[in-house]
Amino acid sequence: MRFSDGAWRMLPGVTPNYLARVDAVTITEREVRLDVSNRLEKQRWDTLYGHMFTVTLSSPADNVVRVQVTHHKGRKQLGPAYRLQQNEPQPLNAVDAEKTIEFGVGRLRVVVTKEPWSLAFVDAESGEPVTGSPYKALGLLQKEGHGLFVREQLTLRPGEQVFGLGERFQAFARNGQCVDMWNDDCGTCSDKGYKDVPFFLTSHGYGVFVNSSARVSFEIGTEQVMRAQFAVPGEDLDYFLILGPTPKEVLTRYGALSGRPALPPAWSFGLWLTTSFLTNYDEKTVFEFVNGMRERKLPLHVFHFDCFWMKGHHWVDFRWDEAVFPDPEGMLQRLKQQGLKTCVWINPYVGERSHLFDIGTKNGFLLKRPNGDVHQVPTWQAGMGIFDFTNPAATAFYQGELRRLLKQGVDAFKTDFGELIPTDVVYHDGSDPERMHNYYTYLYNKAVFDVLVEERGAGEAVVFARSATATCQQFPVHWGGDCFGTFESMAESLRGGLSLTLSGFGFWSHDIGGFENAAPAAVYKRWIGFGLLSSHSRLHGSTTYRVPWLYDEEAVDVLRKFTQLKCRLMPYLMEAAVAAHELSVPMMRAMLLEFPDDPACRALDRQYCLGGDLLVAPVFHESLAEYYLPDGEWTHLLSGEVRRGSRWFKERLDFFEMPLWIRPNGVIPLGSNFEAVDYDYAANVRLVCGCLDGVSPRRIELYDGHGKPVASFELSQEGDRVSVRSAEGRSDFEVALPWAASAEIEAGSRVEASDSEPLPGDSGGVVVRAVAGRVALRWSARAGAVK
């Protein structure tokens, strides 16, 4: 939403009223309240006919400041409001001086200039400005035909880049973009999004969360090129400024405010296979796929039934289509006997032919128009209505239908849709329909996730959600929506996923091979590597199946290789999942999270770190890979090759190859199971070490499938001597130095390479098995030249 026309003029029909002069100050231990006039008041006449704003400054935690601005505070406040984590406000120790008011929380210092109004945020440790709101940045602006907005502008330093604002598919840095928070059913190829989140972070070490589910409009370096602007409809503004100063710390503090991601069950990290959407399928088709995977020795962990598990025109009625699934309970049991979990598709809409429509109409469970009629549209399903999750009885009824499916044997739900929520409706609890448009998905996914927790337990709950808003990260997993089977769409999907994980979300997935159209075999095979090196991995399509043998036999082998690799990576992935759950640091991390001081990493959107130690660079070409390695010596996870970073690489790779690089001093714990994702991760684990440069000691924690710590190791180095000790004294572990040519073993026994199932470290280097809970060795030479 733009208001100005260049540097000096406003757009036609825009009337601004800026905060100008602090008229009164009220300071308590934990709050600063200011009455701020829109006039500088040089004479008594200026006290008449003006606007007065109430500005409240507080802090829910160190390094976090909340700014609340209210105009005409006697107005009725309609919901909904984000359910933030409640913390007692921090003491401010504010000082009211003649011209300023100052206080500090942690290393964040806030300075209010009374006349003319301005707000400055300063890093107290470095003394450097973080950002600020200068005079005429904050105000109430009326725009003819659009209404009132409270607008804020925060300064951007030269070269500062802005990221986040949810799952966005356009250019990775938000600079130069106008982004409106308005969820849409949109695909992955435009500037619209399924998951709009009013939170951004910047390369300068801070983040901003605008606490509103309304259509917040962000102008990032557009209306004024060196400012990040946000405008909220109405007469209130509430935002939090969060200082890291590192991007990871920003996300951790934001997660403490907006909610941590739940920890998904271990089985959910395995390979998901679906019926696809518009394909023909029945029980026979399902077991042909499942048996085909087993016969080809392809690990499979979850089977998903898409929309047509129900009859057409009846979505949703939560009833199996008996014509194609005559014995659902028996079928689900047979799938479980093969070790599979099952998931079914749902949405919050109900077609007129569903028996649930009549129940919903009779009991007031569906959204209504202002005249009292049920809101119906000929969209998706004929005569479609929408469940009203602000009605506790409607929510309980919806959850009851899900409980019945869970008792049949279903394990998870794909919570599709939730974006096309109308505004010409009346909610049971009187919520503002404009604010409910984005917020609806929170109520929808919470209702589903809650029933999973109640029926399966907290560690077993998982959804596969498409829509989201702020705080929805508490209900993982989210996937990237309807992408196409092209390299371009594969890249835009990753870009959207990294944007989402920079917006507080810990877990993310996408449709391997693309959803729309049948991808060429080359795209499918390249997407496999990307998909299996994501937090969650699903083969899913629209009009065609996604089993690999329909592409070519090489696709079968590629899928086997990367699925087995993911199974082996589970000890490492669970460590990253725990970090997402406890710290809000995502599993799939944009490069700027791990390397914030490397300017070359800030805008990289075609590679990422999976966890803290493994760089993943998907290949967006039939054979050509292009990627950047930051400073230091990097070790390839599979080949043991070493390369020196701070530069770009371009190379030809076959479909079984992928740039997977262990960072300097990184350690990748690999499990002993090639087929499963839920097993004893500590038993016979192999600790694959990247190039060591003397940084020690390093602690490696292993967790079980429920996120409980089960083993820890301490790695230390002194010169060419490397030692790894088990804190529990266990000896069923190995240490691999894939970059070492030879070593003198002081404690432990050498492991010979296996020709049948080569592991990282087997292609070269040194592998030593522990004795008496310890490995110690001196390496004498590198296995090959550093490139």
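Residues numbered from 1 in each chain as written. Predicted model: local features only at pLDDT ≥ 70, side-chain atom pairs only at ≥ 80, totals over all residues. Heavy atoms only, no water.

**Student:** Mind showing me how you'd approach the overall build of the chain here?
**Tutor:** Counting secondary structure elements, the chain contains eleven helices and 49 strands. Whereas a compact globule of 787 residues would reach a radius of gyration of roughly 28 Å, the chain reaches 28 Å, a difference of no more than 12%. If one aligns the C-alpha atoms of the chain with their principal axes, the spans along those axes are about 90 × 70 × 45 Å. Put simply, the chain has 787 residues, and 61% of those count as buried. When contacts within the chain are restricted to residue pairs at least 6 apart in sequence, those whose partners lie at least 24 apart make up 69%. Accessible surface for the chain amounts to roughly 28,000 Å². Of this, 49% is attributable to carbon and sulfur atoms. Of note, the chain has its 82 positive side-chain charges centred 2 Å away from the centre of its 99 negative side-chain charges. (Helix = DSSP H or I, 4+ residues; strand = E, 2+ residues; numbered from the N terminus. Rg over C-alpha atoms; globule rule 2.2 N^0.38 Å. Buried < 20%, exposed > 50% of the residue type's maximum accessible area, 1.4 Å probe, protein only. Contact = heavy atoms within 4.5 Å. Areas by Shrake-Rupley, 256 points an atom, 1.4 Å probe, with all protein chains shown as cover. Lys, Arg positive; Asp, Glu negative; His and termini not counted. Charge placed at Lys NZ, Arg CZ, Asp CG, Glu CD.)

**Student:** Even after reading the chapter, I still don't get the nonpolar core, so can you show me in this structure?
**Tutor:** The nonpolar side chains of a soluble globular protein tend to be buried with one another. By size, the foremost hydrophobic cluster in this structure holds 165 residues, and its most contacted members are Phe 305, Trp 320, Phe 413 and Leu 533. A total of eleven residues in this core trace back to one element, the largest contributor, which is helix H6 (residues 433-456). In this structure, Trp 320 is in contact with Phe 305, Trp 309, Phe 325, Pro 328, Met 331, Leu 332, Val 344, Leu 405, Gln 408 and Val 410, ignoring residues within four places of it in sequence. The next biggest cluster of nonpolar side chains, apart from the first, holds 46 residues, and it includes Leu 108, Tyr 206, Val 232 and Leu 237. (Core = buried A, V, L, I, M, F, W, Y, C linked by side-chain atoms within 4.5 Å.)

**Student:** Looking at this structure, how should I read the side chain of His 437?
**Tutor:** You can see His 437 is positioned in helix H6. In terms of polar contacts, His 437 uses its side chain to reach the backbone carbonyl oxygen of Glu 419, at 3.5 Å. Among the polar contacts listed, one links the side chain of His 437 to the backbone oxygen of Ile 421, at a separation of 2.7 Å. Once residues within four sequence positions are removed from consideration, His 437 is found in contact with Trp 182, Asn 183, Glu 419 and Ile 421. (Polar contact = N/O pair within 3.5 Å; in protein donor to acceptor, adjacent residues only side chain to side chain.)

**Student:** Can you walk me through the pairing of strand E23 (residues 302-305) in this structure?
**Tutor:** As a general feature of sheets, a regular strand has side chains that alternate between the two faces. Burial of E23 is two-sided: the residues Val 302 and His 304 facing one way and the residues Phe 303 and Phe 305 facing the other way are all buried. Looking at chain direction, strand E22 (residues 271-274) and E23 are connected through three bridges and run parallel. The residue of E23 that forms the bridge with Leu 273 is Phe 303. With respect to chirality, the unit in which E22 leads through helix H2 (residues 283-295) into the neighbouring parallel E23 is right-handed. When E23 meets strand E24 (residues 341-346), the two strands line up parallel, connected through four bridges. Across the sheet, the residue bridging to Val 302 is Lys 341, located in E24. (Pairing = 2+ DSSP bridges. Right-handed = clockwise from strand over helix to strand, strands pointing away.)

**Student:** What is the right way to look at the pattern of salt bridges in this model?
**Tutor:** A side chain of one charge can pair with a side chain of the opposite charge if their charged atoms are brought near each other. Tallied over the full model, the rule gives 56 salt bridges. We note a salt bridge from Lys 336 to Asp 411, for which the minimum N-O separation is 2.7 Å. One end of the pair, Lys 336, is in helix H3 (residues 328-337); the other, Asp 411, is in the loop between helix H5 (392-408) and strand E27 (412-415), and 75 residues separate them in sequence. Residue Asp 411 is classed as buried on the basis of its relative accessible area, which comes to 5%. One network of salt bridges, in which partners are shared, links Asp 185, Asp 416, Glu 419, Arg 466 and Asp 482. (Salt bridge = Lys/Arg side-chain N within 4 Å of Asp/Glu carboxyl O.)

**Student:** Just checking my understanding: could you explain unusual backbone geometry for this structure?
**Tutor:** Only a minority of non-glycine residues have a phi that is not negative, and only a minority of peptide bonds are not trans. The amide bond that connects Glu 115 to the next residue, Pro 116, takes the cis arrangement and shows omega of -10°. On the secondary structure map, Pro 116 appears in the loop between strand E10 (108-113) and strand E11 (118-123). In the Ramachandran plot, Ser 646 falls in the positive-phi region, its phi being about 65° despite a non-glycine side chain. On the basis of relative accessible area, Ser 646 is assigned to the partly exposed category, the value being 42%.

**Student:** I keep staring at the pairing of E11 and nothing clicks. Help me out?
**Tutor:** Counting buried positions over the six residues of E11 gives five, a clear majority of the element. Pairing of E10 with E11 involves six bridges; the strand directions are antiparallel. Following the sheet pairing, Val 112 is matched in E11 by Leu 119. Two successive antiparallel strands, E10 and E11, enclose a turn made up of four residues. As paired elements, E11 and strand E12 (residues 129-133) share four bridges and run antiparallel to each other. Looking across to E12, one finds that Leu 119 is bridged to Ser 133.

**Student:** What am I meant to see in the sheet that holds strand E45 (residues 733-737) here?
**Tutor:** Think of a sheet as strands paired side by side through backbone hydrogen bonds, with each pair either parallel or antiparallel. Read from one edge of the open sheet, five strands run E40-E41-E45-E48-E47, paired in mixed fashion. Each edge of the sheet is formed by a strand with only one pairing partner; in this case those strands are strand E40 (667-670) and strand E47 (749-750).

**Student:** Got a minute to help me understand the packing of H2 against H3 in this structure?
**Tutor:** The packing of two helices is summarised by the inter-axis angle and the distance between the axes. Their axes nearest at 12 Å, the elements H2 and H3 cross at an angle of 5°. When the axis of H2 is compared with that of H3, the two are roughly parallel. The residues of H3 that touch H2, namely those facing Glu 283, Val 286, Phe 287 and Val 290, are Met 331, Arg 334 and Leu 335. Within the contact of H2 with H3, the residues separate by chemical class into five nonpolar, no polar and two charged. (Axes fitted to C-alpha atoms, helices over the stretch in contact; angles between N-to-C directions. Parallel < 35°, antiparallel > 145°, perpendicular 65-115°, else oblique. Nonpolar A, V, L, I, M, F, W, Y, C, P; charged D, E, K, R; others polar.)

**Student:** Can you help me understand a nonpolar patch on the surface in this one?
**Tutor:** A grouping of Trp 45, Leu 48 and Tyr 49 is seen on the molecular surface, where their side chains present a nonpolar patch of about 410 Å² in accessible area. Within the fold, Trp 45 resides in the loop between strand E5 (31-37) and strand E6 (52-61). Taking relative accessible area as the criterion, Trp 45 reaches 53% and is therefore assigned exposed. (Patch = residues over 30% accessible without salt bridge, like charges linked within 9 Å, V, L, I, M, F, W, Y side chains within 5 Å.)

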